[in-house]
Amino acid sequence: MTDPASRGRYATDASIYQMVPQAVVVPRSVQDIEAAMEIARDEDVPILPRGGGTSQCGQTVNSGIVIDNSRHLNRVLDIDPNAMTAKVDPGVVLDELNRALKPHGLWFPVDPSTASRCTLGGMAANNSSGGKSLRYGIMRDNVRAISALLPDGSKARFDTSAGSGAYADLVTDMRSLGQREAAEINARFPNVQRRVGGYNIDALSGDDVNMAHLLVGSEGTLAYFTELELSLAKLPGEKVIGVCHFSTFDGAMDAAQHLVTLHPQAVELIDDTMIALGRDLPLFRATIEAFVQGEPAAVLLVEFAEGSAAANAAKLGELAELMGDLGYSFGAQGAAWGGVLPVIDPALQGAIAEYRKAGLNIMMSMKEAGKPVSFVEDCAVALPDLAAYTQGLTDIFARHGTKGTWYAHASVGCLHVRPVLNMRQDNDVKTMRAIAEEAFDLVKHYKGSHSGEHGDGIVRSEFHEKMFGRRIVSAFEEVKTRFDPSGLMNPGKIVHAPAMDDRRLFRYGPDYGVSEFETALDWSAWPGAAGGFQGAVEMCNNNGACRKLKGGVMCPSFRATRNERDVTRGRANTLRFAISGQIPGGVGSDEMAETMKYCLSCKACSRECPTGVDMARMKIEVLAARYKAHGPSLADRLVGFLPRYAPMASKFAWLLNSRNKISVIRKWTEKLVGVSHRRDLPVWSSDPFRDNEAMDANPDVLLFADVFNRHFEPENLRAALRVIRAAGLRVAVAQDGTGKALDCGRTLLAIGAVDEARKEAERIIKATKTFVTAGVPVIGLEPSSIYTFRDEFLGLCPGPDAQALAKLTYSFEEYMVNFPKLPLRPLKQPIYVHGHCHQKAHGAMSPVLDLLQRIPEADVTLIDSGCCGMAGAFGYAPETVDISLEIANLDLVPALNAAPPGAIIVADGTSCRHQISGTSARRAIHVARLLEQALRG
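Residues numbered from 1 in each chain as written. Predicted model: local features only at pLDDT ≥ 70, side-chain atom pairs only at ≥ 80, totals over all residues. Heavy atoms only, no water.

Engineer: So, the environment of D680: which residues are in play, and what are the values?
Structural biologist: On the secondary structure map, D680 appears in the loop between α30 (663-673) and β18 (701-704). It is 37 Å that separates the C-alpha atoms of D680 and G585, two residues lying 95 residues apart in sequence. Excluding residues that lie within four positions of it along the chain, D680 makes contacts with R659, N660, R666 and Y876. At 2.6 Å, the side chain of D680 forms a polar contact with the side chain of R666. (Helix = DSSP H or I, 4+ residues; strand = E, 2+ residues; numbered from the N terminus. Contact = heavy atoms within 4.5 Å. Polar contact = N/O pair within 3.5 Å; in protein donor to acceptor, adjacent residues only side chain to side chain.)

Quick look at the structure:
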């Protein structure tokens, strides 16, 4: 791929750097890699192997040919449970490997926070580690062998053997280098576990040299990994966490050296800033409240997995005793306040783990122009020096007018800290340089490692001479020359590095800028041009959380295609290039439209992206620009203006419904209006819901009757009315007195008709204002409609009236769960619930489950189903129907097929119900229908 958009999507990683590659290759086989490398040699163009693209130091940016292993080279090739080994392609994601290993009672014990998207090839290239390295070591300790392509095109297996031919000569030369430099290595290399800086030439001396360990941590500069053989470990079984609270940060740092004497498998730090940021994020708020007591300055998460509940309990007892011996008590005051909060519940442990793993991205959720910057975050020192080191670094930050947030691996003296700086400003870039120089001097003073986990890349490579001395750096250069004399492989990393503060290499370089332009929605919560739209787009820091393949919803289209174009990060990068003039045509360009084509507007990113990138809202801006430039197509009109013609269409329900029964008409409508002939359309009701069915005086609640339930499934609204009244409530339909049904504007937003959608939003805000002012809530049945009140209305009509409506808007379940005395009878069948993406994005699944569990003897199961893939018109369009079906078949359809034959399937979303009926033998109903069935009498 050589188009500007594709190259732009691979120009950055999770660092501050950007280099636009000349081309991107997505190989399907090793032979494709060989062909690309041959072209690169002939054309003298560098090669950059790339996995998940989550590097924080600029390892995975370069100006040559980027080769993406993650899309196709992602097979688990072999698992040997007896030998406890696995062989994998380089593009296998760590979580995917562990899912394959779990049935064997095994796992790969190197556990970085990016496990949901980092690849094993990238982990080996980076010498990754994780929270449990205290017990299991780092990547170097767990790689047995690497098969690789050398820059000259030859192949070799790097392991403990002497080899033959040219490879044997290479082994001899490297072992000679290791023996020659053994004394210098011993004198210069820091004696801490977390040293990943430079090449691992310390692995080249002794009797058990494993050449694979030289490749580990080489950042793609020596060879191209094609297969890895890994050492596995037994799953640790049940665990417990002791959350040690401290009233001072220094107290936590000093305690770490004592806590590790209990031999935990991890000790992880979270400071008060991280706690505060977590409390501000809906995704993590409940988790924080569950495991943090009071207002600590820091907590240490001490994790034990001793093989039994009794042994774990004993360890928690020892931990509490040790904290007492250190002088901490929850009953004390001042510096002595603290203690241990035990966490036994596996679900809470999992939630804490997800929060801890999101630490970096939680810090990046700040909306200000300045962001925490990665450049000294990876230093490691011996535990006795940890308190003095952290205080020294804090003092350095203070001298330069900034501060940092601390978290991560207290067990091994490797704490992640990032001072807040604005990389668009020359002064802050100079500050970054000054802090780096002083910080690395401090690390050197304590004989620590300046590169303890995330690697060297651009940001740390130039400091190797300061840290190791000239002779060691010369040895690094000798290794590079011996492997790669022409400099083909990822040049500028580890050796011969550019200056870390060269702004020409920055994502926001000296020429970067965004011109003002008018946006369709309000983006004033963010900084930057276009009313803050720039700042909203730039919230994406390329951490890649959107690339996860299981769990949650984000990002459904990427899970189907594994194409970087189709992930939230890829779309955000393309938008950034578009608004900054790096892609011609801006937001309304064809490239931008193609990039957004597979976005389902599921809104999962708004909740699950740790930095809050709301791609569904950003897609509206792209659609609005296209609508303004080109106007609506016939298919757009049929989708967008559905609420306006629905009353008339329902009079001809019998005729319109005949389309589903006659194949000729199905194919004709595909050509005419862009609806796939492979899909049944929703069935029009000849008896649509009428407002006068709910006109109680002095209503306790207003019901918003959306177009989908009104004209296609009016029985849902009628069921909801019966349930609401059974709770003793008066209900009326929201009206504006014109005789025209109110519309949330969702279908209009889906085609980019934002001005029309704004008019509809204004109608609703005006029609409900008197009730809202009086405290009467507004509820609705269709998630995609009712959550528009709480989300898009704030961007369409910013101001106190929209905010007041948003605060008093609820889904049917969110409101009805407050009325526990519904007269319900038992239902014998098990109940399986599929959640609508917008319900999940607004954290509204718990009310659904709680309400259903009010049914006596109810057996309720939430399907772990991600997105259904329908997403309104998305699932019907000929160009997206295949992706829609692929998404459904990832999780939802298998879960439906596995459910008991008599199970009741509940799905609140109209699109979800249609997807279920179109892809399985099941039929789903709205929760209101099920509650109506359960009503007594």
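Engineer: Which residues make up the packing of aromatic side chains, and what values do they have?
Structural biologist: In total, this model carries 22 aromatic pairs according to the counting rule given. Relative to Y167, the ring of F158 has its centre 5.1 Å away and its plane inclined at 80°; by these criteria the two rings are edge-to-face. Residue F158 is classed as buried on the basis of its relative accessible area, which comes to 0%. Between F249 and W406, the ring centres sit 5.6 Å apart and the planes meet at 40°, which makes this aromatic pair tilted. Of the two residues, F249 sits in helix α10 (residues 249-259) while W406 sits in strand β16 (residues 404-409), which places them 157 residues apart along the sequence. Residue F249 shares its accessibility class with W406, and that shared class is buried. Three or more aromatic residues link up through ring pairs in this structure, and these residues are F189, Y199, F468 and F476. Here R617 stacks its cationic end above the ring of W523, 5.4 Å away from the centre of that ring. (Phe/Tyr/Trp six-rings, centres within 6.5 Å; stacked < 30°, edge-to-face > 60°. Buried < 20%, exposed > 50% of the residue type's maximum accessible area, 1.4 Å probe, protein only. Lys NZ or Arg CZ within 6 Å of the ring centre and 35° of its normal.)

Engineer: Quick one: what's the story with the sheet that holds strand β25 (residues 924-925), residue by residue and with numbers?
Structural biologist: Sheet architecture is open: four strands sit in the order β23-β22-β24-β25, paired in parallel fashion. Edge positions in the open sheet fall to β23 (860-862) and β25, since each of these has one partner strand only. Of the pairings in the sheet, the one linking strand β24 (residues 904-907) to β25 comprises two bridges and is parallel in character. Bridge pairing in β25 links V906 to I925. Contacts from helix α43 (residues 910-919) reach β22 (831-834), β24 and β25, with the element oriented near 140° to β24. (Pairing = 2+ DSSP bridges. Axes fitted to C-alpha atoms, helices over the stretch in contact; angles between N-to-C directions.)

Engineer: Now, about unusual backbone geometry: what can you tell me, with residues and values included?
Structural biologist: The step from M554 to C555 runs through a cis peptide bond, and the omega angle for that step is -5°. Its place among the elements puts C555 in the loop between α21 (533-537) and α22 (556-561). One non-glycine residue with positive phi stands out, namely D44, at about 55°. Within the fold, D44 resides in the loop between α2 (30-43) and β2 (47-50).

Engineer: Break down the side chain of N657 for me, citing the residues and quoting the values.
Structural biologist: With respect to the helices and strands, N657 occurs in helix α29 (residues 653-657). Take N657: its relative accessible area is 13%, and that puts it in the buried class. Residues in contact with N657, not counting those within four places in the same chain, are P682, V683 and W684.

Engineer: I'd like a rundown of the pairing of β16, residues and numbers included.
Structural biologist: Counting buried positions over the six residues of β16 gives six, a clear majority of the element. The pairing of strand β12 (residues 266-271) with β16 spans three bridges and is antiparallel. Bridge pairing links I270 to Y407 in β16. Here β16 runs beside strand β17 (residues 414-421); their pairing, made up of six bridges, is antiparallel. For Y407, the partnering residue across the bridge sits in β17 and is H416. A loop of four residues connects β16 with β17, the two strands running antiparallel in sequence, and G413 in this loop sits at a positive phi of about 70°.

By themselves, these are just geometric observations and shouldn't be taken as functional.
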